[in-house]
Amino acid sequence: MSSDEGTSVDAPMPGAGAAGKSQLTSKLLADPGLMQAFGSELQSLVGAQSSYIDSMPAVMKGRIRALKNLQADHFKLEAKFYEEVQALERKYSELRRPNDVKRRDIVTGTYEPTEEEAELDFEQDEDDEDEMDDEEESSGAKIMDVDEFGEPIEDESAADKVKYDENTAGIPEFWLTALKHIDVTADMIEETDEPLLRCLTDIELKHHEEPLGFDLIFHFSENKYFTNECLVKHYEMKIEYDEEDPFSFDGPQIIGVSGCEINWQKGNNLTVKTVKKKQKGKGKGQPGKTVTKQVPAETFFSFFSPPELPEEDEDETELTEEQQEAVKTVASDYEAASFIRDNLIPKAVLFFTGEADGNGEGMDMDGMFPGFGGMDDEDDEEGMAARLPARAGGRAGGNQQECAQQ
């Protein structure tokens, strides 16, 4: 096209070849004004697909309807596929349970492996142990000396100092070290969390069929922080194919998440911190009072108190800032939960040694939050909320799970 005024572009026709496309691209990049106009033109084409379809001959429209029927059948089969995958996960989770129990017993020191069990059944490079030492140094997740409650012992001359030697039971700090070797969970752990996480004895996965979902169960030894024997995080899912609206199917989706009440011991609640604030004096020259109050604290244990999510909104009302923040939090929450479920629990020893990759790169969140692109796109928050409503199981964040008490 050309014009007496403005920029002239000999735009290639469809199928004009790479040279013409390259020429157009160069001109667009060189002229921001033209780029903006071109972008506006593309924006005006949004929704033009329907008129394009309407202009087709009747026989072609019939072919498209036939293709849509095939697509609906595909989604129906895909839903059955996911249902069978969930059934297989439940089956093999139970088959793995004896191994998980033995792992817990070895870690806690209630079971000592036999000489035969302590020998690898396969060959491993001789340099692996050196690599494990290097990994520990680089990660900063070094095993520390602790007292009976998991508190670090700073005074190395203390008479009651704990030393790891041939008489040490189990593998101290097994789960804390593994968690710190995984980027997504290491970012959740504060320094104040570590003494309590040293008391973490096991992380258990339990699948549910009705309602569909899973629990992450964190088991703790006796400690001075809370009286719970375990902390539970509960997730509910749905795999739903709608005969009336087949194209709405988007794979398994999280529809509910809840934590549990933590019975903190007085003065040891890690989810709050005490701050001091000086108030203004009532009169001129009068000093103000210093008051103390409790405010939320950054902690790993906020994981067990997920926020409430917006209800499903048929009117598609724009999310408030608070609702958007809740959506982001639960997206991050599920990223950690899915890595714990799919990677940490089945491969815990490899994360402890640093042999497993803990950077979480390549995690595909789209399976559980379709259309969210790994939760990086802020524009997808409303779609996220539509896939995280509290349906079929109460409000997300509610119905807290009960844990056994000591």
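The rules we used
- Residues numbered from 1 in each chain as written.
- Predicted model: local features only at pLDDT ≥ 70, side-chain atom pairs only at ≥ 80, totals over all residues.
- Heavy atoms only, no water.
- Helix = DSSP H or I, 4+ residues; strand = E, 2+ residues; numbered from the N terminus.
- Contact = heavy atoms within 4.5 Å.
- Core = buried A, V, L, I, M, F, W, Y, C linked by side-chain atoms within 4.5 Å.
- Buried < 20%, exposed > 50% of the residue type's maximum accessible area, 1.4 Å probe, protein only.
- Expected span 1.5 Å × (residues − 1).
- Bend = angle between axes of the 7 residues up to and from the residue.
- Pairing = 2+ DSSP bridges.
- Axes fitted to C-alpha atoms, helices over the stretch in contact; angles between N-to-C directions.
- 1 Å grid on protein atoms, 1.4 Å probe; cavity = no way out; pocket = protein on both sides within 12 Å on 5 of 7 lines; lining within 4 Å.
- Points joined across faces, edges and corners; volume = space filled by probe spheres on them.
- Nonpolar A, V, L, I, M, F, W, Y, C, P; charged D, E, K, R; others polar.
- Patch = residues over 30% accessible without salt bridge, like charges linked within 9 Å, V, L, I, M, F, W, Y side chains within 5 Å.
- Areas by Shrake-Rupley, 256 points an atom, 1.4 Å probe, with all protein chains shown as cover.
- Salt bridge = Lys/Arg side-chain N within 4 Å of Asp/Glu carboxyl O.
- Phe/Tyr/Trp six-rings, centres within 6.5 Å; stacked < 30°, edge-to-face > 60°.
- Lys NZ or Arg CZ within 6 Å of the ring centre and 35° of its normal.

(A) Broad picture of the environment of Q86. Along the chain, Q86 turns up in helix α4 (residues 58–108). Distance in space between the C-alpha atoms of Q86 and G213 is 8.9 Å, their sequence separation being 127 residues. With residues near it in sequence (within four places) discarded, Q86 still touches L212, M237 and I239.

(B) Seen up close, the nonpolar core. Counting 54 residues, the largest nonpolar core has F218, F220, F301 and L344 as its most contacted members. Sorting elements by how many residues they give to this core places helix α9 (residues 321–344) first, with seven residues. Once residues within four sequence positions are removed from consideration, F220 is found in contact with L196, L197, C199, L200, T201, F226, E229, L231 and F301.

(C) Structural detail: α4. Taking 1.5 Å per residue as the helical rise, α4 with its 51 residues ought to reach 75 Å, and the 71 Å between its terminal C-alpha atoms agrees with that figure. Of all the bends in α4, the greatest reaches close to 40° and is centred on R97; the proline P98 follows between one and four positions later. Of the residues making up α4, those classed as buried are A72, F75, A79, Q86, R90, S93, R97, R103 and V107. Of the residues flanking the end of α4, it is G109, one or two places downstream, whose phi is positive at about 90°.

(D) Up close: the environment of D357. One can find D357 in the loop between α10 (348–353) and α11 (381–387). C-alpha of D357 to C-alpha of N343: the two residues are 14 residues apart in sequence and 9.5 Å apart in space. What D357 contacts, discounting residues up to four positions off in sequence, is F339 and F351.

(E) A look at the sheet that holds strand β1 (residues 200–208). Pairing within the open sheet is antiparallel, and its four strands lie in the order β1-β2-β3-β4. The strands lining the two open edges of the sheet, one partner per strand, are β1 and β4 (253–258). Ignoring strand direction, the axes of neighbouring strands in this sheet form an average angle of 15°. Set on the sheet, α4 makes contact with β1 and β3 (230–238); between it and β1 the angle comes to about 165°. Packing of α9 onto the sheet brings it into contact with β1, β2 (213–220), β3 and β4, and relative to β2 it is tilted by some 80°.

(F) Structural view of empty space enclosed by the protein. This model, assessed by the stated rule, comprises one cavity of 30 Å³ or more. Empty space within the largest cavity amounts to approximately 90 Å³. Considering the residues around the largest cavity, the lining is formed by S93, R96, R97, D100, L205, R341, I345 and P346. Tallying contributions element by element places α4 first for the lining of the largest cavity, with four residues. Looking at the lining of the largest cavity, its residues break down into three nonpolar, one polar and four charged.

(G) Quick look at a nonpolar patch on the surface. A contiguous nonpolar patch, built from L88, Y92 and L95 and spanning about 310 Å² of accessible area, is present on the exposed surface. Summarising the element assignment, Y92 is placed in helix α4.

(H) Up close: the packing of aromatic side chains. The full count for this structure, using the stated rule, is 22 aromatic pairs. Plain terms: the ring middles of F75 and F247 are 6.2 Å apart, the flat faces sit at 70° to each other, and that makes the pair edge-to-face. One end of the pair, F75, is in helix α4; the other, F247, is in the loop between β3 and β4, with 172 residues separating them in the sequence. We classify F75 as buried; its relative accessible area is 16%. Given a relative accessible area of 41%, F247 falls into the partly exposed group. Both rings, one in F174 and one in F352, keep their centres 5.0 Å apart while their planes meet at 20°; by these two values the pair is stacked. Of the two residues, F174 is situated in helix α6 (residues 174–180) and F352 in helix α10; the sequence distance between them amounts to 178 residues. On the basis of relative accessible area, F174 is assigned to the buried category, the value being 3%. Every member of this aromatic cluster is reached through a ring pair, and the members are F218, F220, F226, W264, F300, F301, F303 and F304. In this arrangement the basic side chain of K233 is found over the ring face of F303, its NZ or CZ atom lying 3.5 Å from the centre. Positioned over the ring face of F214 is R341, at 4.7 Å from the centre of the ring.

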